[in-house]
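The lines below spell out each chain.
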Amino acid sequence: MAYAFSLDDVAYLRSDAGCAALSALADLPLTPASRLSDVQRAKQVSPTRFAAVLETVLLRRKAVGKVRFADGLFTSDAVQQATAHPVAAHRARRFHGPAHDVTCSIGADLAALPEGSIGSDLDPVRLAMARHNLGDGVPLVRADALRPVSRGTAVLADPARRDASGRRTWHPSDFAPPLDELAATYADRDLAVKCAPGVDFAVAPWADEVELVSLDGQVREACLWTRGLATPGVARRATVLRSDGPAWTVTSAEPDDCGVREPDEWLVDPDGAVVRAGLVRHYAARHGLAQLDERIAYLTGPTPPPGVRAFRVVEHGHYSEKALRSVLRSHDVGRLEILVRGLDVDPNALRPKLKLTGSTEATVALTRIGRRPVYLLAHAERT
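Residues numbered from 1 in each chain as written. Predicted model: local features only at pLDDT ≥ 70, side-chain atom pairs only at ≥ 80, totals over all residues. Heavy atoms only, no water.

1. As for the nonpolar core
Taken as a class, soluble globular proteins show a tendency for nonpolar side chains to be buried jointly. Note the cut-off: Residues enter a nonpolar core if they are buried and are Ala, Val, Leu, Ile, Met, Phe, Trp, Tyr or Cys, with the set joined through side-chain atoms within 4.5 Å. When a residue's accessible area, from a 1.4 Å probe over protein chains only, is under 20% of the maximum for its type it is buried; when over 50% it is exposed; and in between it is partly exposed. These domain boundaries are the output of an automatic or database domain assignment.
Among the nonpolar cores identified, the biggest contains 45 residues, and Val53, Phe74 and Phe95 are the most heavily contacted of them. Both domains that furnish three or more residues to this core are identified here as domain 1 (7-61) and domain 2 (80-249). Counting 38 residues, the second-largest nonpolar core is a separate cluster that includes Tyr186, Ala207, Ala284 and Leu299.

As structure tokens, then:
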């Protein structure tokens, strides 16, 4: 169970003595094997607050690359739910001016919002941590998100997604605060609500626009936008952020007239944000691609989109373990990436059955076209 910080802990960690202790213990291994020696050393450095110091050293390591508070204070849940900075920065750019983060927690999202934004939270410990992380220039107040303490300002909310027992929940009514109550409270305000990407967005009919955002190939969040923060005519949006290239987006306002055809020269597996947003056909139409099957997200065409990892098809055919094993042997494949969509196949269970002994590397996509299970043997390339 994660350490439960107190206000006294936060005050100590912000003090000269606490900062000195954190610095002295920053190089601890913090591995299961070193646990006893780590605790002994921490007790020597900070006899009465060693647990808070150890937890903070650990959480700072977990927060690296996610938030930009190098010497920040965090709780375990706050680090887990904190938005990666590139995603928070993207979201913040959609606000037209200062906003009110009504669930500001330790301040990660608030730090990215336009200058003049304010934050509030019901948890006094997290507010004290936010004050440390953000400095004294950002207005913070203790308040319930469902009892507004600001007027007119656009609102950002990131409800906690764990139930009373601490387990992750996917039911918006179990969020803290619940999704519908947030929407009702700020029905007359521009509102943005960060959610997990797996939430069923049909439960939020009040959202004018649903945006799915991925970063470096991993879907990170969904954001529900209302009123003036939503884009007119856009019900769904997928935004793809990359550390090594430009961002791009596709929306439901674009054409979705793509065909269905047999495998062509290239196989394209759309980014997860595109798939989760239900915009596979829109993405295909933009890039002149077709679907292999109307109900499967794999796309095919003579030319892949630029800047994506696509797969040059070597051959394809009816899938069975025996047939695939023979194909892989004939192509001397010894290292295999296995992609699956639309079939009940576990790649980890399949791999040893294929008895790979070759010297080359390949990718196989297992899917279905109509009712036929098929394989597509391919080589991954960055376009």
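Having put the structure on the table, let's press on.
2. Describing the pattern of salt bridges
Our working definition: Salt bridges are identified by distance alone: a Lys or Arg side-chain nitrogen within 4 Å of an Asp or Glu carboxyl oxygen. Helix and strand assignments follow DSSP, with helices taken as H or I runs no shorter than four residues and strands as E runs no shorter than two, numbered in order from the N terminus.
Summed over all chains, the structure comprises 23 salt bridges. A salt bridge links Asp9 to Arg49; the shortest N-O distance between them is 2.7 Å. Of this pair, Asp9 sits in helix α1 (residues 7-14) while Arg49 sits in the loop between α3 (35-45) and α4 (50-63); the two residues are 40 residues apart in sequence, bridging distant segments of the chain. Of the charged contacts in the structure, one is a salt bridge between Asp190 and Arg227, with a shortest N-O distance of 3.7 Å. One end of the pair, Asp190, is in the loop between α8 (179-185) and β5 (191-195); the other, Arg227, is in the loop between β7 (218-225) and β8 (236-242), with 37 residues separating them in the sequence.

3. Digging into the domain arrangement of the protein
Condition: Contacts were defined at the residue level, with two residues in contact if any of their heavy atoms lie within 4.5 Å. Computed with a 1.4 Å rolling probe, the buried area is the accessible surface lost when two parts are put together, summed over both parts. Pairs of N or O atoms are called polar contacts if they sit within 3.5 Å, as long as, within protein, a hydrogen donor faces a hydrogen acceptor (for residues adjacent in sequence, only side-chain-to-side-chain pairs). Polar here means any residue other than Ala, Val, Leu, Ile, Met, Phe, Trp, Tyr, Cys and Pro, which are nonpolar, and Asp, Glu, Lys and Arg, which are charged; Gly is therefore polar.
Assigned domains of the protein: these are domain 1 (7-61), domain 2 (80-249) and domain 3 (255-382). Here the C-alpha centroids of domain 2 and domain 3 sit 35 Å apart. The partner domain 3 presents 11 residues to the 15 residues of domain 2 that form the contact. With both sides pooled, the region where domain 2 packs onto domain 3 buries about 1,000 Å², and carbon together with sulfur makes up 59% of that total. Where domain 2 touches domain 3, the interface holds 0 salt bridges. Linking domain 2 with domain 3 are 4 residue pairs in polar contact (both at pLDDT 80 or more), by the criterion used here. Breaking the side of domain 2 that touches domain 3 down by element, the ones donating at least two residues are β6 (209-215), β8 and β9 (245-251). By residue number, the principal contributor to the side of domain 2 that touches domain 3 is β8, which donates 6 residues. Taken together, the residues of the side of domain 2 that touches domain 3 sort by class into 7 nonpolar, 5 polar and 3 charged.

4. Some thoughts on the packing of α1 against α4
Using the following cut-off: Inter-axis angles, ranging from 0 to 180 degrees, are taken between N-to-C directions of lines fitted to C-alpha atoms, where helices are fitted over the stretch in contact. For classification, angles of less than 35 degrees are called roughly parallel, those exceeding 145 degrees roughly antiparallel, those between 65 and 115 degrees roughly perpendicular, and all remaining angles oblique. For any helix crossing, the convention is left-handed if the near helix is rotated counterclockwise from the far helix by under a right angle, and right-handed if that rotation is clockwise.
Relative to each other, α1 and α4 sit at 70°, their axes nearing to 10 Å. Looking at the two axes, α1 sits roughly perpendicular to α4. Both α1 and α4 take part in a crossing whose hand is right-handed. Between α1 and α4, the residues in contact are Asp9, Tyr12 and Leu13 and Ala52, Val53 and Thr56, respectively.

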